[in-house]
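Report on the structure
Chain residues, written in single-letter form:
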Amino acid sequence: MFRIIHSETLAEKIHLFRIEAPAIARKAQAGQFVVIRIDERGERIPLTLADWDGKGGNVTLVFMEVGATTFRLALLKVGDSLADLVGPLGVPTHIERFGTVVCVAGGVGAAPIAPIARALKEKGNKIITILGARSKNLLFWEDKLRNVSHQLIVTTDDGTYGRKGVVTEPLKDLLSGGEKVDLVIAIGPSIMMKFCSLTTKPFGVKTIVSLNPIMVDGTGMCGCCRVSVGGVTRFACVDGPDFDGHQVDWDLLLARQRTYLSQEKRSFEHWQAKIGKCS
Amino acid sequence: MAKVNLNREPMAKQDPKTRGKNFNEVALGYSAEQAKAEASRCLQCPKHPCTEGCPVEIDIPGFIKAVLDDDMPEAVRILKDKNSLPGICGRVCPQETQCEQACSLAKKGAPIAIGRLERYVADWERANKGALNPKTTLPKPTGKKVAVVGSGPAGLVAAADLAKLGHNVTLFEALHVAGGVLMYGIPEFRLPKEIVQAEVAYVSNLGVRIELDSVVGKAVTLDELLARGYDAIFLGTGAGAPMFMNIPGENLNGIYSANEFLTRVNLMKAYKFPEYDTPVVVGKRVAVIGGGNVAMDSARCALRLGADEVYIIYRRSEAEMPARREEVENAKEEGIEFKLLTNPKRYIGNDSGWVVGIECYEMGLGEPDESGRRRPIVKEGSEFILEVDMVVAALGTRPNPLIAQTTPDLKTTRQGTVVADEVTGKTTKDKVWAGGDIVTGAATVISAMGAGRRAATDIDIYLKNHS
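My aim in this report is to walk through the structure given alongside it, one point at a time. (Residues numbered from 1 in each chain as written. Chains lettered and ligands numbered in written order. Predicted model: local features only at pLDDT ≥ 70, side-chain atom pairs only at ≥ 80, totals over all residues. Heavy atoms only, no water.)

Per the secondary structure count, chain B includes 19 helices and 18 strands. Relative to its length of 467 residues, chain B is compact, with a C-alpha radius of gyration of 23 Å against a globular reference of 23 Å. With the C-alpha coordinates of chain B rotated into their principal frame, the extents come out at 65 × 60 × 50 Å. Sorting the 467 residues of chain B into buried and exposed places 58% on the buried side. For chain B, restricting intrachain contacts to residue pairs at least 6 apart in sequence, the fraction spanning at least 24 positions comes to 68%. Accessible area for chain B stands at about 19000 Å²; split by element, carbon and sulfur atoms hold 51% of it. Across chain B, the centroid of the 58 positively charged side chains sits 2 Å from that of the 60 negatively charged ones. (Helix = DSSP H or I, 4+ residues; strand = E, 2+ residues; numbered from the N terminus. Rg over C-alpha atoms; globule rule 2.2 N^0.38 Å. Buried < 20%, exposed > 50% of the residue type's maximum accessible area, 1.4 Å probe, protein only. Contact = heavy atoms within 4.5 Å. Areas by Shrake-Rupley, 256 points an atom, 1.4 Å probe, with all protein chains shown as cover. Lys, Arg positive; Asp, Glu negative; His and termini not counted. Charge placed at Lys NZ, Arg CZ, Asp CG, Glu CD.)

Written out as structure tokens, the structure reads:
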């Protein structure tokens, strides 16, 4: 069992758990993920690591309540345990001295991008981070990202905080404004990563994205997470999750992410009714 | 010599109509009377050809005689002496090509139903556990530590054998339950998960420590295990990576690998959705591509989940099908439709990315290929479209590369299998053995168990010589 030792609500429906998992904390690297299962009836879902502490023997996960599993997860408290926590999975993000790296985080993507920006900064890269959310109440980790960046730009879609608009706007400004950008890393919803990739493509700047297809085992066994990159089928769980955004078949990814929309709704209603009855 | 009885005792099965709508076990097992009647047919040949036909060399006439003599504890003891997982083997072993094929009565078309008797003895033991509990006396601990990686058939047997020899065994499993393919692959209606877990519990009671959720190759490498003081490692990680055909449209929604479909249904219990959280989409017209046992399992699962029509699409003819005869018959009885000498050319999708059809070729058969089966040949211009709304690709599996990727001195073949001695399972890496599908590619439960047993014997010799 994997005990929750710290819990925080970072923004509206966005939560942080620190969980005891010494074996995973010892080996984790930026860009890797874990698969969790809440209990005997739970499904297996992947979550990218937001942080880890090898000495303390714990990992940090950040998630947003979007469906049945994350709704159930949000009800857990310090002292509760997850039935399963498996990892670290996936290929770590490639870290080297590139020069100037723009890290673009959309929504909950702020969490997984933080350790990547930190690792890149430690390697001597200049880090410019763009942090975007729909609205002010969904923003988190501005301070944390500022600490691992040389420059931080914050956007909200509705203009309630920072620059009004979406993340691709300051991204385009940076690329066309004379700043020599060597690499862009974008993490967030698929649609945001798609448009970041489309934005950087005319500038010929390599763009790494962290894909988030549906997974089951997360170890290369089922093929649920298959994505098409450069016309070749890859498994995001073992070949990724990082891929070249210019090569990704985004429409395929977006379609596959919608596979279980109606079941997800049904499952959510099932648990809401069930938990409603208990309380 | 007593008159030879050629009336093989039949085993009752659930009616095809009823069972097509539930996940309960199809075969119902022998009653005590039936078991004794079948046991009484055994000639007790002095030469035991059946034992020679068994990959783990069970004293088959011995346990059958004990059944006949009403000495069930003795029957259990004899079985478990060679086979730690009799409830599983009695259900999924292809006895017709092993012990039963070697039986002296096979020539007369009525071999002893050894598998059914094995199953009867295993089920009797499970039902009478409290009364009997035949404690295996373990020898004095040797102080040697062995890591067994993968808790499928090969790993379970290797772990049990090594524990019985007094070694300190830790069994590492990547998934959240032990059993490997017995849990995620083979469906409940063919192998109830309760039986697998009872046999896992037996292995655990021998003192084997089971570490779930542990992905060796990721969380810990083989070299790190050796550095932590393990004296030997057995790799039984199977062939868990699904293969696809790489034809257009294969990534459309509604197209599953058999591994994914069966994992959702068996391991994650998607058939109980939404009580269990994992969903599965099941179409009304389902095509399963392939002719092996996994294809039969997938087709029969789809039927039970409510599909109206389920097709098996296989590129050769029924004679070349690798599935067990019995499973093909079961599938046919349940109404699965066989489209033989047919192969997909491409998948057709709709605007929202869901599969709506398969363009297929008709196939002919040429000369036998290296597998000894007649080679399938495309009939040009024979294309036709089969409308379906779900596909399961049961095209075989290959070993998962995670361990090989992080173990540079472990030699593998181009197919990704680990190079190991055929008899002992010793790999090219010091202190590391391997057996089962990871060495042979996808094969049977019992051959994996045999490899686990032989490797355990060799590891024991090695540990005794290095103390």
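Right, picking up where we left off after that structure.
For chain A, the helix and strand inventory stands at nine helices and 17 strands. Whereas a compact globule of 279 residues would reach a radius of gyration of roughly 19 Å, chain A reaches 18 Å, a difference of no more than 12%. A principal-axis box enclosing the C-alpha atoms of chain A has dimensions of 60 × 40 × 40 Å. The buried share of chain A, reckoned over its 279 residues, is 58%. Sequence separation of 24 or more characterises 64% of the internal contacts of chain A that already satisfy a separation of 6 or more. Here chain A has roughly 11400 Å² of accessible surface; of this, 51% comes from carbon and sulfur atoms.

For Phe-189 of chain B, the position within the fold is in the loop between helix 11 (181–184) and helix 12 (193–205). Apart from the residues lying within four places of it in its own chain, the contact partners of Phe-189 of chain B are Phe-23, Asn-24, Glu-25, Val-26, Asp-297, Arg-300, Cys-301 and Arg-304 of chain B.

Our focus in this paragraph is the nonpolar core. If you look at the biggest cluster of nonpolar residues, it comprises 77 residues, and the most contacted ones within it are Ile-60, Phe-63, Val-67 and Val-121 of chain B. Here the element with the most residues in this core is helix 19 (residues 445–465) of chain B; it accounts for nine residues. Setting aside residues up to four positions removed in sequence, Phe-63 of chain B forms contacts with Ile-58, Ala-75, Ile-78, Leu-79, Ile-114, Leu-117, Glu-118 and Val-121 of chain B. Leu-10, Ala-30, Trp-52 and Val-101 of chain A belong to the second largest nonpolar core, which has 55 residues in total. (Core = buried A, V, L, I, M, F, W, Y, C linked by side-chain atoms within 4.5 Å.)

Time to look at the pairing of strand 9 (residues 285–289) of chain B. Residue and element names in this part refer to chain B. Among the five residues in strand 9, four count as buried, and that is most of the element. Of the pairings in the sheet, the one linking strand 9 to strand 10 (residues 309–314) comprises five bridges and is parallel in character. Paired with Val-288 across the bridge in strand 10 is Ile-312. Of the crossover connections in this fold, the one passing from strand 9 over helix 15 (residues 293–304) to the parallel strand 10 is right-handed. As paired strands, strand 9 and strand 16 (residues 390–393) are joined by four bridges and run parallel to one another. Along strand 16, the bridge assignment pairs Val-288 with Val-392. (Pairing = 2+ DSSP bridges. Right-handed = clockwise from strand over helix to strand, strands pointing away.)

A contiguous nonpolar patch, built from Ile-191, Phe-195 and Leu-198 of chain A and spanning about 280 Å² of accessible area, is present on the exposed surface. Overall, Leu-198 of chain A belongs to the partly exposed group, its relative accessible area being 47%. (Patch = residues over 30% accessible without salt bridge, like charges linked within 9 Å, V, L, I, M, F, W, Y side chains within 5 Å. Salt bridge = Lys/Arg side-chain N within 4 Å of Asp/Glu carboxyl O.)

Attention now goes to the pattern of salt bridges. Inspection of the entire model under this criterion finds 52 salt bridges over all chains. Across the pair Asp-84 of chain A and Arg-37 of chain A runs a salt bridge whose closest N-O atoms are separated by 2.6 Å. Of the two residues, Asp-84 of chain A sits in strand 8 (residues 84–89) while Arg-37 of chain A sits in strand 3 (residues 33–37), which places them 47 residues apart along the sequence. For Asp-84 of chain A, a relative accessible area of 5% puts it in the buried group. Taking the shortest distance from any N to any O, the salt bridge between Arg-304 of chain B and Glu-334 of chain B comes out at 2.8 Å.

Moving on: the packing of aromatic side chains. Taken as a whole and judged by the stated rule, the model has nine aromatic pairs over all chains. Taking 5.2 Å as the distance between ring centres and 85° as the angle between the ring planes, the aromatic pair formed by Phe-71 of chain A and Phe-268 of chain A counts as edge-to-face. Within this pair, whereas Phe-71 of chain A is found in helix 2 (residues 68–74), its partner Phe-268 of chain A is found in helix 9 (residues 261–278), the two being separated by 197 residues in sequence. Owing to a relative accessible area of 15%, Phe-71 of chain A belongs among the buried residues under this scheme. Take Phe-268 of chain A: its relative accessible area is 27%, and that puts it in the partly exposed class. For the pair Phe-140 of chain A and Trp-141 of chain A, a centre-to-centre distance of 5.9 Å together with 65° between the ring planes defines the contact as edge-to-face. Exposure class is identical for Phe-140 of chain A and Trp-141 of chain A. Each is buried. An aromatic cluster is built from Phe-23, Phe-189 and Tyr-271 of chain B, whose rings are joined through pairwise contacts. Seen from the ring of Trp-52 of chain A, Arg-118 of chain A lies directly overhead, with NZ or CZ sitting 5.8 Å from the centre. Sitting above the plane of the Phe-338 of chain B ring, Lys-332 of chain B keeps its charged end 5.6 Å from the centroid. (Phe/Tyr/Trp six-rings, centres within 6.5 Å; stacked < 30°, edge-to-face > 60°. Lys NZ or Arg CZ within 6 Å of the ring centre and 35° of its normal.)

Turning our eyes to something else, we now look at the sheet that holds strand 14 (residues 207–210) of chain A. Residues and elements named next belong to chain A. Sheet architecture is open: seven strands sit in the order 12-11-10-9-13-14-17, paired in mixed fashion. The strands lining the two open edges of the sheet, one partner per strand, are strand 12 (163–164) and strand 17 (242–244). Bridge analysis of strand 11 (residues 151–156) against strand 12 gives two bridges, and the strand direction is parallel. Note on strand 12: the bridge partner recorded for Thr-155 is Arg-163. Helix 3 (residues 110–122) contacts strand 9 (100–106), strand 10 (126–133) and strand 13 (183–187) of the sheet and is inclined by roughly 170° relative to strand 9. In the packing of helix 6 (residues 190–200) onto the sheet, contacts are made with strand 9, strand 13 and strand 14, and the angle to strand 13 comes to roughly 160°. (Axes fitted to C-alpha atoms, helices over the stretch in contact; angles between N-to-C directions.)

This next bit is on the interface of chain A and chain B. Chain A puts 46 residues into the contact, and the matching count from chain B is 40 residues. Both faces considered, chain A and chain B share a buried interface measuring about 3700 Å² in area, 51% of it formed by carbon and sulfur atoms. Its largest share of buried area at the contact with chain B, chain A owes to Arg-41, Met-221 and Arg-226 of chain A, together 19% of the area lost on that side. Among the ionic pairs, Asp-277 of chain B bridges to Arg-72 of chain A, the shortest N-O distance being 2.6 Å. Within the residue set of the side of chain A that touches chain B, elements represented by two or more residues are helix 1 (22–27), helix 2, strand 8, strand 16 (232–235), helix 8 (250–257) and helix 9 of chain A. (Buried area = accessible area lost by both parts, 1.4 Å probe.)

All names here are of chain B. Across the nine residues of helix 4 (residues 60–68), seven count as buried, placing the element largely inside the fold. Within the sequence span of helix 4, burial applies to Ile-60, Pro-61, Gly-62, Phe-63, Ile-64, Ala-66 and Val-67. For helix 4, the N-terminal capping position is held by Asp-59, with its side-chain oxygen 3.0 Å away from the main-chain nitrogen of Gly-62. (Polar contact = N/O pair within 3.5 Å; in protein donor to acceptor, adjacent residues only side chain to side chain.)

With that settled, consider the sheet that holds strand 1 (residues 2–11) of chain A. Hydrogen bonds along the backbone pair up the strands of a sheet, which may run parallel or antiparallel. All names here are of chain A. Taken in spatial order, the five strands make up an open sheet running 5-6-2-1-7, and their pairing is antiparallel. Of all the strands in the sheet, just strand 5 (51–53) and strand 7 (81–82) have a single pairing partner and so form its edges. The sheet contact formed by strand 2 (residues 14–20) and strand 6 (residues 58–64) spans seven bridges and is antiparallel. Bridging across to strand 6, Ile-19 finds its partner in Val-59.

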